[in-house]
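Residues per chain, in single letters:
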Amino acid sequence: MHGLVIDGTRIAHAMDQSTEVSLRLAVPADAPAMLRVIHEAFAHRRHVDPPPAALSDTVADIEHALATGHGVCAVIGGEMVGCVLLDLDGAVATLRRVSVVPGAARGGLARALAEAAGELAASLGGRRVELLTRREFPELLQWWQRHGFAVVREDKDGYILGRDLPVVQEVRTAEAMQALGERLATVLRPGDVLVVDGELGAGKTTLAQGLGAGLGVAGPVISPTFVISRVHRSLGGGPHLVHVDAYRLGDAAELSDVDLDASLADSVTYIEWGRGKAEWLAQDRLEIDIVRSADPTTELRTVRLTGVGARWDGALETLREHT
């Protein structure tokens, strides 16, 4: 995991561990470099008619976009390699010009940019995020759908995709992490899959303990590192809790050997270290990232809950009220 930085706020994202990447808010002086990135990224796509409007952008257009909205830049070794523009209209944020230069297009950078822009929008009061993808690029439509976006409506140029923005909460104590787990339990139902990520000691198991208390399952809920998974039976007729630790598993194929399919329908499945290994279990899932503060003197954690798929449309609103 890499801690990506936006004005001192660390967010988690899976990146090539040999690459140091930083994300930061864009400023007007970034407009020329952002224009270069946008032109390189859009020119690299196959030709379509009419050409993308992005190829006609000028420095003045980018400066205006930053003056009336926001932007996020990705930087590697002091060079800008990606950017995105963000407009906010009430509760709906719109992503525009999601761009990564061809040489940096792998490793999850586009996803990191989109997540960072979404987190920024959420901090500004946004509830949903939308974007346009053109019909001529079905591979881009599929890429965004794999990352939780769904078609909201058709546009003359393509499809408007949307998804709820993540719920981001700051947690300062182990007790507060457990309390968050108990609140989360109130919105869960049988069949839900939770893919949880965070460095050692971030609080993944502590969150699971709160979840177990909220679901009313048999305990104790402890890390299942050496047994891979534990089933905690419901004491009151609700869903069971299947608690999985994928830390020692190399990939998704090894996780498939655990045979979680048999318990998915009548349980809540909570998978620690699940990023990159467990997404195949459910098209609709809840992704949870827990990030420790860079300040070693504080116990502050930032917890980001991202619903993927129609199941989670509006499902986390009661949690958002506690942000």
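Residues numbered from 1 in each chain as written. Predicted model: local features only at pLDDT ≥ 70, side-chain atom pairs only at ≥ 80, totals over all residues. Heavy atoms only, no water.

A few words on the overall build of the chain. From N to C terminus, the chain includes eight helices and 16 strands. Taking contacts inside the chain between residues at least 6 apart in sequence as the whole, the part at least 24 apart equals 63%. When the accessible surface of the chain is totalled, it reaches about 14,700 Å², and 51% of it is carbon and sulfur. (Helix = DSSP H or I, 4+ residues; strand = E, 2+ residues; numbered from the N terminus. Contact = heavy atoms within 4.5 Å. Areas by Shrake-Rupley, 256 points an atom, 1.4 Å probe, with all protein chains shown as cover.)

Once that is clear, we can look at the sheet that holds strand β4 (residues 70-76). Strand pairing within a sheet occurs via backbone hydrogen bonds; the two strands may be parallel or antiparallel. The strand order across the open sheet formed by seven strands is β3-β4-β5-β6-β7-β9-β8, and the pairing between neighbours is mixed. A strand with exactly one partner marks an edge of an open sheet, and here the two such strands are β3 (22-25) and β8 (150-155). Between one strand axis and the next, the sheet turns by 25° as a mean value, whatever way the strands run. Two elements, strand β6 (residues 92-100) and strand β7 (residues 128-134), share three bridges in a ladder whose sense is parallel. Within β7, the residue paired with A93 across the bridge is V129. The strands touched by helix α1 (residues 31-43) within the sheet are β4, β5 (79-89) and β6, with β5 carrying the most contacts at an inclination of about 95°. (Pairing = 2+ DSSP bridges. Axes fitted to C-alpha atoms, helices over the stretch in contact; angles between N-to-C directions.)

The angle between the axes and the distance between the axes are what describe a pair of packed helices. Relative orientation of the contacting elements helix α5 (residues 174-185) and helix α6 (residues 204-215) amounts to 45°, with a least axis distance of 7 Å. Regarding the angle of α5 to α6, the classification is oblique. The hand of the α5/α6 crossing is right-handed. Contacts between α5 and α6 involve A174, M177, Q178, L180, G181, E182, L184 and A185 from the former and T206, L207, Q209, G210, L211, A213, G214 and L215 from the latter. Residue composition of the contact of α5 with α6, grouped by class: nine nonpolar, six polar and one charged. (Parallel < 35°, antiparallel > 145°, perpendicular 65-115°, else oblique. Left-handed = near helix turned anticlockwise from the far one by under 90°. Nonpolar A, V, L, I, M, F, W, Y, C, P; charged D, E, K, R; others polar.)

This part covers the side chain of R311. Locating R311 in the fold gives a position in the loop between β16 (301-308) and α8 (317-320). With relative accessibility at 14%, the residue R311 sits in the buried group. Polar side-chain contacts of R311 include one of 2.9 Å to the backbone oxygen of V187. A distance of 2.8 Å separates the side chain of R311 from the side chain of D192, its partner in a polar contact. In this view, R311 contacts V187, L188, R189, D192 and D284; residues no more than four positions away in its chain are not counted. (Buried < 20%, exposed > 50% of the residue type's maximum accessible area, 1.4 Å probe, protein only. Polar contact = N/O pair within 3.5 Å; in protein donor to acceptor, adjacent residues only side chain to side chain.)

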